[in-house]
Amino acid sequence: MLRRAVAPLLLAPLLAAGCTGGTAGGLELKVGGPFGARPTIVFPGGEPAAGLQVDELATGKGARLKTDDVAIVQYTAHVWDGRQNRLVDSSFNRGAPAAFPVGRLLPGLDRALRGRTVGSRVIAAIPPGDGFGPNPPRGVEPADELFYVVDILGAHPKGASIDGRGGELAGVRVTGGERPRLAVPATAPPARFAAKVLDRGDGRRTRAGQLVVTQYTGAIWSSRRVFDATWTTGQPKAFRIGDGSVIKAWDRALAGVPVGSRVLMIVPPSHGYGAPGRPAYGITGSDTLVFVVDVLAAY
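Residues numbered from 1 in each chain as written. Predicted model: local features only at pLDDT ≥ 70, side-chain atom pairs only at ≥ 80, totals over all residues. Heavy atoms only, no water.

Visitor: Account for the overall build of the protein, with residues named and values stated.
Guide: A tally of regular secondary structure across the protein gives three helices and 17 strands. Compactness check: the protein gives a C-alpha radius of gyration of 21 Å against a globular reference of 19 Å for 299 residues, within 12% of the reference. Taken over the C-alpha atoms alone, the protein extends approximately 70 × 40 × 25 Å along its principal axes. With 299 residues in all, the protein has 53% of them scored as buried. Separation of charge centres in the protein, based on 35 positive and 24 negative side chains, amounts to 8 Å. (Helix = DSSP H or I, 4+ residues; strand = E, 2+ residues; numbered from the N terminus. Rg over C-alpha atoms; globule rule 2.2 N^0.38 Å. Buried < 20%, exposed > 50% of the residue type's maximum accessible area, 1.4 Å probe, protein only. Lys, Arg positive; Asp, Glu negative; His and termini not counted. Charge placed at Lys NZ, Arg CZ, Asp CG, Glu CD.)

Visitor: How would you summarise the nonpolar core if you had to cite specific residues and measurements?
Guide: Counting residues in hydrophobic clusters, the biggest one holds 25 residues, and the most contacted among them are Phe100, Leu109, Leu113, Leu146, Tyr148 and Val150. Within the second largest apolar cluster, 24 residues are counted, among which are Phe239, Val246, Ile247 and Ala249. (Core = buried A, V, L, I, M, F, W, Y, C linked by side-chain atoms within 4.5 Å.)

Visitor: With reference to specific residues and values, describe the pairing of strand β13 (residues 211-220).
Guide: Taken across its ten residues, β13 has ten buried, putting it largely inside the fold. Burial along β13 is two-sided: Leu211, Val213, Gln215, Thr217 and Ala219 and Val212, Thr214, Tyr216, Gly218 and Ile220, pointing in opposite directions, are all buried. With four bridges joining them, β13 and strand β15 (residues 237-240) adopt antiparallel strand pairing. Bridging across to β15, Leu211 finds its partner in Arg240. Both β13 and strand β17 (residues 289-298) contribute to a ladder of nine bridges, which runs antiparallel. Across the sheet, the residue bridging to Gly218 is Phe291, located in β17. Taken together, β13 and the strand that follows it, strand β14 (residues 225-229), pair antiparallel across an intervening segment of four residues, in which Arg224 is found at a positive phi of about 55°. (Pairing = 2+ DSSP bridges.)

Visitor: Help me get a handle on the side chain of Asp69, residues and values and all.
Guide: One can find Asp69 in the loop between β3 (53-58) and β4 (70-79). Taking the relative accessible area as the measure of exposure, Asp69 reaches 2% and is therefore buried. If we skip the residues at most four places from it in the chain, Asp69 touches Arg64, Phe100, Pro101, Val102, Ala155, His156, Pro157, Lys158 and Gln235. (Contact = heavy atoms within 4.5 Å.)

Visitor: Which residues make up the pattern of salt bridges, and what are the values?
Guide: Applying the stated criterion across every chain, the model contains ten salt bridges. In this structure, the salt-bridge partner of Asp69 is Lys66, at a minimum N-O distance of 3.5 Å. Here Lys66 falls in the partly exposed class, since its relative accessible area comes to 46%. Between Asp294 and Arg262 there is a salt bridge; the shortest N-O distance is 2.6 Å. Here Asp294 is found in strand β17, whereas its partner Arg262 is found in strand β16 (residues 262-267), with 32 residues between them in sequence. Residue Asp294 is classed as buried on the basis of its relative accessible area, which comes to 0%. (Salt bridge = Lys/Arg side-chain N within 4 Å of Asp/Glu carboxyl O.)

Visitor: Describe in detail the side chain of Thr117, supporting the description with residues and values.
Guide: As for its position among the elements, Thr117 is in the loop between α2 (107-113) and β7 (121-126). Since its relative accessible area comes to 7%, Thr117 is described here as buried. Ignoring sequence-local partners within four residues, the contact set of Thr117 consists of Thr59, Gly60, Lys61, Gly62, Ala63, Arg64 and Ile152.

Visitor: Just give me the short version of the sheet that holds strand β9 (residues 167-169), but keep the residues and values in it.
Guide: Ordered in space as β9-β10-β11, the three strands form an open sheet in which the pairing is antiparallel. Both edges of this open sheet fall to β9 and β11 (182-183), since each of them pairs with a single strand only. Looking at chain direction, β9 and strand β10 (residues 172-174) are connected through three bridges and run antiparallel. Its bridge partner lying in β10, Leu169 is registered against Val172.

Structure, rendered in structure tokens:
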């Protein structure tokens, strides 16, 4: 719920070295370039064959993707029509990888990625029946065949968390352990933004522009009510920081924090959703928020 940016075109770490160029199996097209880099694609003449077609151009040695995992990927997506074969989406154009929730993707993309390993480059020609259906996003027609090149950079399973320490900030208490709990005092909130690293990880520091994988809980100070929590479902969420894609508090509190850290923050409206609030979550324009965030990874 923290996003302000448009989601990638997809919803209804051990790296393989070297290049992945060559003919893509029975698909009769060529995909070149190193793993993790923008691929070059040479489409054959004519339209693709009917049915879902999948190939693996590089096989990684990392974790195997399962349903409910969050896969971190670099990808490109084209409409394969045998004419322009136009590009309709690309994580490279946004400057950061994307998060693919396995089990909640296009049917054809789910089938193509489930069971693949981190470090793999997977390509898939996805017919309309395995695509977006009758209500595709802008730039795609219901009858369009799609073609994806997906490099799997990482996998984060359901329930992934940090067994971190708890702590206190401005009277807000956080318990330790893998699923921290917030306790907000029945007092007036501070007027200013504040953040504290409760448990400092030993990973690399996050940077502005990176995609950060998190587990978190958010609460409204005035009612002491939790309005959002990834720990409820156990599935991590990923957000790009430092570019205005998330609320200002997250940009300030999470940039420069080592991966593996647990962060507590007090968020006045000026660093949250401002005067409009977030009515869908019961957040008004005057509400101060509280977040505890586990930083699982950064890409």
